[in-house]
Amino acid sequence: MPAAVKTAGFIMTLDVAFGLVGLAFPLVALAATFDVWVLLLLAYGAAVTALTGWVLARWPTRRRRLVWTAVALALLLPASRRWFNR
């Protein structure tokens, strides 16, 4: 496997790990406030972490559909994080 592919897999592994750690904060906030927006944020974080984990689990196959899913995640995540930080 090329070094760029291994590096991308490592970065995605870090993204999943930090995503799982980051889910603790909305979970605590949801338990404290029971706000709908916090629930949506928790659902978004869980969905992104699950999708990234799914792509990472199938990373060694390197199918074309998987590559485009990884590209879409790479484009979607920074844009959506900017939207949530308004």
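Conventions used here
Residues numbered from 1 in each chain as written. Predicted model: local features only at pLDDT ≥ 70, side-chain atom pairs only at ≥ 80, totals over all residues. Heavy atoms only, no water. Helix = DSSP H or I, 4+ residues; strand = E, 2+ residues; numbered from the N terminus. Buried < 20%, exposed > 50% of the residue type's maximum accessible area, 1.4 Å probe, protein only. Contact = heavy atoms within 4.5 Å. Patch = residues over 30% accessible without salt bridge, like charges linked within 9 Å, V, L, I, M, F, W, Y side chains within 5 Å. Areas by Shrake-Rupley, 256 points an atom, 1.4 Å probe, with all protein chains shown as cover. Salt bridge = Lys/Arg side-chain N within 4 Å of Asp/Glu carboxyl O. Core = buried A, V, L, I, M, F, W, Y, C linked by side-chain atoms within 4.5 Å. Expected span 1.5 Å × (residues − 1). Arc of directions from axis to C-beta. Axes fitted to C-alpha atoms, helices over the stretch in contact; angles between N-to-C directions. Parallel < 35°, antiparallel > 145°, perpendicular 65-115°, else oblique. Left-handed = near helix turned anticlockwise from the far one by under 90°. Nonpolar A, V, L, I, M, F, W, Y, C, P; charged D, E, K, R; others polar.

**Q** Which residues make up the side chain of T49, and what values do they have?
**A** Tracing the sequence through the fold places T49 in helix α3 (residues 36-57). What makes T49 buried here is its relative accessible area of 11%. If we ignore the near neighbours within four places in the chain, the residues touching T49 are V16, G19 and L20.

**Q** Mind laying out a nonpolar patch on the surface, listing which residues take part and the relevant values?
**A** A surface patch of nonpolar side chains, about 440 Å² in accessible area, is lined by F10, I11, L14 and F18. Looking at where L14 falls in the secondary structure, it is placed in helix α1 (residues 3-22). Residue class for L14 comes out partly exposed when judged on its relative accessible area of 35%.

**Q** So, the environment of L39: which residues are in play, and what are the values?
**A** Looking at the element boundaries, L39 is found in helix α3. For the pair L39 and P26, spaced 13 residues apart in sequence, the C-alpha to C-alpha distance is 7.5 Å.

**Q** Can you break down the nonpolar core residue by residue, with the values?
**A** What tends to happen in soluble globular proteins is that the nonpolar side chains get buried as a cluster. By size, the foremost hydrophobic cluster in this structure holds 9 residues: V5, M12, V48, V55, W59, L66, A70, L73 and L77. Of all the secondary structure elements, the ones that give two or more residues to this core are α1, α3 and α4 (64-84). Residue contributions to this core peak at 4 residues, all from α4.

**Q** Account for α3, naming residues and giving values.
**A** The terminal C-alpha atoms of α3 lie 31 Å apart, and with 22 residues this matches the ideal 32 Å at 1.5 Å per residue to within 8%. Those residues of α3 that sit buried are V38, L42, G45, V48, T49, T52 and V55. Take α3 and look down its axis: the buried residues cluster within an arc of 165 degrees, on one side only. Residues of α3 that are exposed and point more than 90 degrees away from the buried face comprise V36, A50 and A57.

**Q** Report on the packing of helix α2 (residues 24-33) against α3, specifying residues and quantitative values.
**A** For the pair α2 and α3, the least separation of the axes is 9 Å and the interaxial angle reads 155 degrees. With respect to their mutual orientation, α2 and α3 come out roughly antiparallel. The hand of the α2/α3 crossing is left-handed. Residues P26, L27, A29, L30 and T33 of α2 pack against V38, L39, L41 and L42 of α3. Counted by class, the contact of α2 with α3 contains 8 nonpolar, 1 polar and no charged residues.

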